[in-house]
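Working through the structure, step by step
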Amino acid sequence: MSQRDRFEAIYDAYYPAIHQYAARRTGSPDDTADVIAETFLTAWRRVDDVPEGEKALLWLYGVARRVLANQRRGAVRRAALAERLRAELAAERPVTPVELEHVRAAFDELPERDREVLALACWEGLTGEQIAEVVGGTAIAARTRLHRARRRLTATLERRHFPEIAMGEA
């Protein structure tokens, strides 16, 4: 019997049991699938180490148990990292000065497309050529988009800051 044939026999015989084992111990079908995949990947890589007969199932349970433990440790590490990053980002988040809140409000009113090119130019300090690289397109198109976005921002600021001028009541 070839290694492939042996692995296929193990897979066919014990897949349902490993599936149930994993499904009872995970919170989602995706996690269950990951445990099954990792368990049988280990079995494939170590097919010569898989015991014969009924002991193969016990060996697979042991592998699945370790895969689940690794999965849990990874989830704990990711949660801790996410929490640490949230705390760091909250501490480093730039605060909009009160005198510029009207600018932020006008910026937020713009369409996403305008906000993106303005942010790339003003916050990230990118040139038209660099913006084109980020958003995909030509430098001329990026500069045109940036010019139009600046005009729309100016118009929004004027309308918000000087409503009587914007409405033609000067």
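Residues numbered from 1 in each chain as written. Predicted model: local features only at pLDDT ≥ 70, side-chain atom pairs only at ≥ 80, totals over all residues. Heavy atoms only, no water.

This next bit is on the side chain of Thr 39. Within the secondary structure layout, Thr 39 lies in helix H2 (residues 29-45). For Thr 39, the residues in contact, after removing those within four places along its chain, are Ile 18, Leu 60, Val 63, Ala 64 and Val 67. (Helix = DSSP H or I, 4+ residues; strand = E, 2+ residues; numbered from the N terminus. Contact = heavy atoms within 4.5 Å.)

Our focus in this paragraph is the confidence of the model for the protein chain. Put simply, the protein chain has an average pLDDT of 90, and 92% of its residues get 70 or more. The least confident element of the protein chain is helix H8 (residues 163-166), whose mean pLDDT is 50; the most confident is H2, at 97. Predicted confidence for residues 165-170 stays below pLDDT 50, and this span has three contacts to residues more than four positions away or in other chains. (pLDDT = per-residue confidence, 0-100.)

Another point: the nonpolar core. Nonpolar side chains tend to gather and get buried jointly when the protein is soluble and globular. In this structure, Phe 40, Ala 43 and Leu 60 are the most contacted members of the largest nonpolar core, which totals 20 residues. For this core, the elements supplying multiple residues, two or more each, are helix H1 (3-23), H2 and helix H3 (55-92). The leading source of residues in this core is H3, at eight residues. Apart from the residues within four sequence positions on either side, Ala 43 is in contact with Phe 7, Val 50, Trp 59 and Leu 60. (Core = buried A, V, L, I, M, F, W, Y, C linked by side-chain atoms within 4.5 Å. Buried < 20%, exposed > 50% of the residue type's maximum accessible area, 1.4 Å probe, protein only.)

Cross-referencing UniProt, the feature "domain: RNA polymerase sigma-70 region" (unreviewed entry) maps to residues 10-77 in the present numbering. In residues 10-77, helix accounts for 79% and strand for 0%; the two terminal C-alpha atoms are 33 Å from one another. (UniProt positions renumbered as here; feature names shortened; annotations may be inferred.)

Next up on the list: a nonpolar patch on the surface. Residues Leu 81, Leu 85 and Leu 89 make up a contiguous nonpolar surface patch of roughly 260 Å² in combined accessible area. Residue placement: Leu 81 occurs in helix H3. (Patch = residues over 30% accessible without salt bridge, like charges linked within 9 Å, V, L, I, M, F, W, Y side chains within 5 Å. Areas by Shrake-Rupley, 256 points an atom, 1.4 Å probe, with all protein chains shown as cover. Salt bridge = Lys/Arg side-chain N within 4 Å of Asp/Glu carboxyl O.)

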